Amino acid sequence: MAAVARDEGIRRYGAMVLRIAAVAALYYAGARIGLLQELVRGQVTPLWPPTGIALACLLLLGPAVWPGIALGALAVNAPIGPSPLAVTGIVAGNTLAPLCAFLLLRRVGFRISLDRLRDALALVFLGALLGMLISATVGTTVLVLADALGTDGFWPTWSVWWTGDAMGVLVITPLLLALRGARPPRGVRPARWLEAVVLLAGTAAVTLVATRSVASLLFLVFPFLIWAALRFQLAGAAPCSFIVSVLAIHATAVDVGPFAGDSLLTQMVTLQAFNGTTALTALLLSAIIAERNNTRRQIERVCAELADVVVRLAPDETLGTWPSRPHDGEPPEERP
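Residues numbered from 1 in each chain as written. Predicted model: local features only at pLDDT ≥ 70, side-chain atom pairs only at ≥ 80, totals over all residues. Heavy atoms only, no water.

J.: Even after reading the chapter, I still don't get the pattern of salt bridges, so can you show me in this structure?
T.: One side chain can pair with another of opposite charge once the charged atoms of both are near each other. Scanning the entire structure with this criterion turns up four salt bridges. Residue R192 pairs with E195 through a salt bridge whose shortest N-O separation is 3.8 Å. You can see R192 and its partner E195 sitting in helix 8 (residues 190–210), three residues apart, about one turn around the helix. Among the salt bridges present, the one from R231 reaches E195, with a minimum N-O distance of 2.8 Å. (Salt bridge = Lys/Arg side-chain N within 4 Å of Asp/Glu carboxyl O. Helix = DSSP H or I, 4+ residues; strand = E, 2+ residues; numbered from the N terminus.)

Pasting the structure below:
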């Protein structure tokens, strides 16, 4: 028995080490991709994928994988940090922010299926807006204390950092949760697959044109987000929101489209207002539709159960008798 328990403990320990290593690798890969669209000192981007990856890993794997977040943040910031002390502070902020967001979400009973409006709102306010205040505040303060950033650049950098981390949660976390819950459906008609392909391709094409044109064309992406939420819920809305955000950020990074040509703060306000609106439209509408569908199924199930009860208690027209429970072995009485 002792040997079996020891082997089981070793297996669990090995599995946890692998999970931590996988989280660190995912965090690092997401950071390298995010840094391709850097705007401030190689550390701040309009969409910071590692925050969304970190929160999704905590929600799916549990809080024990937090060392993987710290290791990934250390691997990202060590080569580009201004000093070891600054790197330590940034890593601490990047680790605490998703961990605190996870604890807040768990406290309110968050469900990773995101099939209730309350869960979508919790992810927005607790996971993105409130939780990411920690990483932005700690990181920007550390840069100022390390003389890597002037005091006059605190608020522009802080706003970019905070909105970038928040957008990472709003865009990346729902995408990963949707992919985790996705299962190859059985018996789906080819027309359904064709609709999904057309939806994704249409979203990409329209966004590509709108984000490299004038601001008045940006509204064209919203019908696709609504289409995705109505027809596919989170499984369709999350990928479409991701496509829109990435293409809008890329257009701004290469200085084209309606968000180009302004100061950093102005760019971030307009760009993140657009990205936030598209992400909220996709997330909240998909949650509302999913909750409505769940409620309808519950009502149908209750109605079916009530119908079964009525059938069992209804009079037997063939025999002309009322079904009843036997009492003391006596047969049921006939109707008068």
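J.: I keep staring at the side chain of S135 and nothing clicks. Help me out?
T.: Here S135 is to be found in helix 6 (residues 133–145). Classification of S135 as buried rests on a relative accessible area of 1%. Of the polar contacts made by the side chain of S135, one reaches the backbone oxygen of M132; its length is 3.2 Å. (Buried < 20%, exposed > 50% of the residue type's maximum accessible area, 1.4 Å probe, protein only. Polar contact = N/O pair within 3.5 Å; in protein donor to acceptor, adjacent residues only side chain to side chain.)

J.: When you look at the packing of aromatic side chains in this model, what are you seeing that I'm missing?
T.: Each aromatic ring pair is characterised by the separation of its centres together with the angle its planes make. A complete count under the given rule lists six aromatic pairs for this structure. Between F154 and W155 the ring centres are 5.1 Å apart and the planes differ by 90 degrees, which places this aromatic pair in the edge-to-face class. Classification of F154 by relative accessible area gives buried; the value is 17%. Pairing F222 with F274 gives two aromatic rings, centres 6.4 Å apart and planes at 85 degrees, and the pair type is edge-to-face. Taken together, the positions of F222 in helix 9 (residues 222–232) and F274 in helix 11 (residues 264–313) put the pair 52 residues apart, joining distant regions of the chain. Since its relative accessible area comes to 8%, F274 is described here as buried. Taken together, F154, W155, W158 and W162 form an aromatic cluster joined through their ring pairs. (Phe/Tyr/Trp six-rings, centres within 6.5 Å; stacked < 30°, edge-to-face > 60°.)

J.: Sorry, what's going on with the environment of T203 here?
T.: Here T203 is to be found in helix 8. On the basis of relative accessible area, T203 is assigned to the buried category, the value being 1%. Residues T203 and I243, 40 residues apart in the sequence, show an inter-C-alpha distance of 7.3 Å. With sequence-adjacent residues up to four places away left out, T203 is seen in contact with F224, C240, I243 and V244. (Contact = heavy atoms within 4.5 Å.)

J.: Explanation requested: the side chain of T207 in the structure shown.
T.: With respect to the helices, strands and loops of the structure, T207 is situated in helix 8. Only 2.6 Å separates the side chain of T207 from the backbone oxygen of T203, close enough to count as a polar contact. Setting aside residues up to four positions removed in sequence, T207 forms contacts with V221, I243, V244 and L247.

J.: Looking at this model, I keep getting lost on the nonpolar core. Mind explaining?
T.: Side chains of a nonpolar character, in soluble globular proteins, are inclined to be buried together. Among the nonpolar cores identified, the biggest contains 65 residues, and L55, L105, F110 and L123 are the most heavily contacted of them. The leading source of residues in this core is helix 7 (residues 154–181), at nine residues. With residues up to four places along the chain from it excluded, the contact list for L123 reads L55, L105, F110, L114, A128, V169, T173, P174 and L283. Counting residues in each nonpolar core, the second largest holds eleven residues, with L143, A148, L149 and W158 among its members. (Core = buried A, V, L, I, M, F, W, Y, C linked by side-chain atoms within 4.5 Å.)

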